[in-house]
Amino acid sequence: MDKRPIGIFDSGVGGLTVVKEVIRELPFEETVYFGDTARVPYGSKSKETVTKFSSQIIRFLKSKNVKAVIIACNTVSSNSFEELREEFPNLPIIEVVGPGAESCIKATKNNIVGVIGTEATIKSGAYEKRIKALDPKIKVYSKACPLFVPLAEEGWTNNEVAKQTANIYLKELIETGMDCILLGCTHYPLLKACIGETVGKEVKIIDPAAATAKKIKDFLDKNNMLNKGNTEKHTFYVSDNNKKFADICSVTLKHSYNAEKVNIENC
Ligand code: DGL
């Protein structure tokens, strides 16, 4: 039994979609979340910058005595995971691309899948590689949808602007005949209704968050690290604009939370 919290981070509010699933899957665990709201978006930045920001965040989470870290960000998972594992060899780190790829394999019936994500995630080819490694006959069509991130950060998740943006981005994927679309950015589930209306009911929407939560649960269970007490506590930190973050956090998690602002550059 290990009562220390689980650290979770993202560039902003997107990782809250993972926190939600972690709370559902592991109701007795404490979590510490960091959203890098001062430096979002990560998706348009270089691998070096994304790795540097992520190292600072993991150092901050370690200072909060976390027992494991979930990279609740596809951009970091697909660009910097190996570097972070090397830098923090004694800290268990769970990423989202593997669970996302596995969920996709289970969901597709016609072996045509669409993957959407940030520019950096799509450019890395990480999903395509993971999906093909699991099942080479699956056809993967990818599309970067960078504007979905600021829309989610703004809370514009299903208005006219979001709908038009989705129509423009997703048109070419719809034409591929895909039977599932993977949300390869943790901000995108916040636009799930809008994306769902655009691709139509027959296309399944895959969010890696649930499979990621199961993965951390299995890991903690196997290593006798689950918190079996009843000490549910969730703490949130951001690098900027804590009020706006707290508002989206409260809507996403259906509970009122505050977020504390920290200077991440010092970590
Ligand atoms: N939520 C992130 C992801 O899953 C990052 C989005 C961004 O900052 O561009 O990729």
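Notes on the structure follow.

### Some points on unusual backbone geometry
And then number 1: A cis amide bond links valine 40 to the next residue, proline 41, at an omega of 5 degrees.
And then number 2: By the element assignment, proline 41 lies in the loop between strand 2 (30-35) and helix 2 (47-63).
And then number 3: The backbone of asparagine 65 shows a phi angle near 65 degrees, a positive value even though the residue is not glycine.
And then number 4: Residue placement: asparagine 65 occurs in the loop between helix 2 and strand 3 (68-71).
And then number 5: Classification of asparagine 65 as partly exposed rests on a relative accessible area of 44%.

### A look at the side chain of glutamate 153
And then number 1: Note on placement: glutamate 153 falls in helix 7 (residues 148-154).
And then number 2: Lysine 244 provides the closest opposite charge to the buried, unpaired glutamate 153, separated from it by 6.6 Å.
And then number 3: With near-sequence residues (within four places) excluded, glutamate 153 lies in contact with Gly12, Val13, Gly14, Thr37, Val40, His187, Lys244 and Ile248.

### Here we look at the packing of helix 1 (residues 16-25) against helix 11 (residues 242-253)
And then number 1: Where helix 1 contacts helix 11, the axes come no closer than 10 Å and their chain directions differ by 40 degrees. Between helix 1 and helix 11, the angle falls in the class oblique. Seen from above, helix 1 lies across helix 11 with right-handed handedness. Side by side, helix 1 and helix 11 meet where Leu16, Val19 and Lys20 of the first sit next to Phe245, Cys249, Thr252 and Leu253 of the second.
And then number 2: When the residues that make up the contact of helix 1 with helix 11 are grouped by side-chain class, the tally is five nonpolar, one polar and one charged.

### With respect to the sheet that holds strand 3
And then number 1: With parallel pairing, the six strands of this open sheet are ordered in space as 4-3-1-2-9-10. Among the strands making up the open sheet, the edge pair consists of strand 4 (93-94) and strand 10 (260-261).
And then number 2: The sheet strands contacting helix 2 are strand 1 (6-10), strand 2, strand 3, strand 4 and strand 9 (233-238), and the helix crosses strand 1 at an angle near 155 degrees.

### Here's the deal with the pairing of strand 1
And then number 1: Burial runs high along strand 1: five of the five residues are buried.
And then number 2: The alternating pattern of strand 1 places Ile6, Ile8 and Asp10 on one face and Gly7 and Phe9 on the opposite face, and all of these are buried.
And then number 3: Examined bridge by bridge, strand 1 and strand 2 share five bridges and lie parallel to one another. Bridge pairing links phenylalanine 9 to phenylalanine 34 in strand 2.

### With respect to the site of the ligand
And then number 1: Around the ligand sit 14 residues in total, of which Ser11, Tyr42, Asn74, Thr75 and His187 are the nearest.
And then number 2: Threonine 75 places a polar side-chain atom, nitrogen or oxygen, 2.7 Å from an oxygen atom of the ligand.
And then number 3: Contacts to the ligand include histidine 187, whose side-chain N or O atom sits 2.7 Å from a nitrogen atom.
And then number 4: Of the residues assigned to the shell around the ligand, the class counts are six nonpolar, seven polar and one charged.

### Quick notes on the sheet that holds strand 6 (residues 139-144)
And then number 1: Pairing is parallel in the open sheet, where four strands are placed in the order 6-5-7-8. Either end of the sheet is taken by a strand with one partner, and the two such strands are strand 6 and strand 8 (204-206). Ignoring which end each strand starts from, the neighbouring axes of this sheet average 25 degrees apart.
And then number 2: Across six bridges, strand 5 (residues 112-117) lies against strand 6 in parallel orientation. Bridge pairing in strand 6 places valine 113 opposite valine 140.

### As for helix 8 (residues 160-174)
And then number 1: An ideal rise of 1.5 Å per residue puts 21 Å on 15 residues; helix 8 measures up with 20 Å between its terminal C-alpha atoms.
And then number 2: Within helix 8, the axis deviates most sharply at isoleucine 168, by approximately 35 degrees.
And then number 3: Among the residues making up helix 8, those that are buried are Ala162, Thr165, Ala166, Tyr169, Leu170 and Leu173.
And then number 4: Close packing links the buried residues of helix 8 with strand 5, strand 6, helix 7, strand 7 (180-184) and helix 9 (192-199).
And then number 5: The distance from a side-chain oxygen at the start of helix 8 to the backbone nitrogen of valine 161 is 3.2 Å, and the residue carrying that oxygen is asparagine 159.

### Section: the state of the cysteines
And then number 1: Summed over the entire model, instances satisfying the criterion amount to zero disulfides.
And then number 2: The cysteine cysteine 73 is free of any disulfide, with cysteine 185 supplying the nearest cysteine sulfur at 6.8 Å.
And then number 3: The exposure class of cysteine 73 is buried, given its relative accessible area of 3%.
And then number 4: Not engaged in a disulfide, the cysteine cysteine 145 finds its nearest cysteine sulfur in cysteine 185; these two sulfurs lie 9.1 Å apart.
And then number 5: Look at cysteine 145 and you get buried, because its relative accessible area is 0%.

About the thresholds
- Residues numbered from 1 in each chain as written.
- Predicted model: local features only at pLDDT ≥ 70, side-chain atom pairs only at ≥ 80, totals over all residues.
- Heavy atoms only, no water.
- Helix = DSSP H or I, 4+ residues; strand = E, 2+ residues; numbered from the N terminus.
- Buried < 20%, exposed > 50% of the residue type's maximum accessible area, 1.4 Å probe, protein only.
- Lys, Arg positive; Asp, Glu negative; His and termini not counted.
- Salt bridge = Lys/Arg side-chain N within 4 Å of Asp/Glu carboxyl O.
- Contact = heavy atoms within 4.5 Å.
- Axes fitted to C-alpha atoms, helices over the stretch in contact; angles between N-to-C directions.
- Parallel < 35°, antiparallel > 145°, perpendicular 65-115°, else oblique.
- Left-handed = near helix turned anticlockwise from the far one by under 90°.
- Nonpolar A, V, L, I, M, F, W, Y, C, P; charged D, E, K, R; others polar.
- Pairing = 2+ DSSP bridges.
- Near = heavy atom within 4 Å.
- Polar contact = N/O pair within 3.5 Å; in protein donor to acceptor, adjacent residues only side chain to side chain.
- Expected span 1.5 Å × (residues − 1).
- Bend = angle between axes of the 7 residues up to and from the residue.
- Disulfide = S-S within 2.5 Å.

So far we have only geometry, and geometry alone does not tell us how the molecule works.
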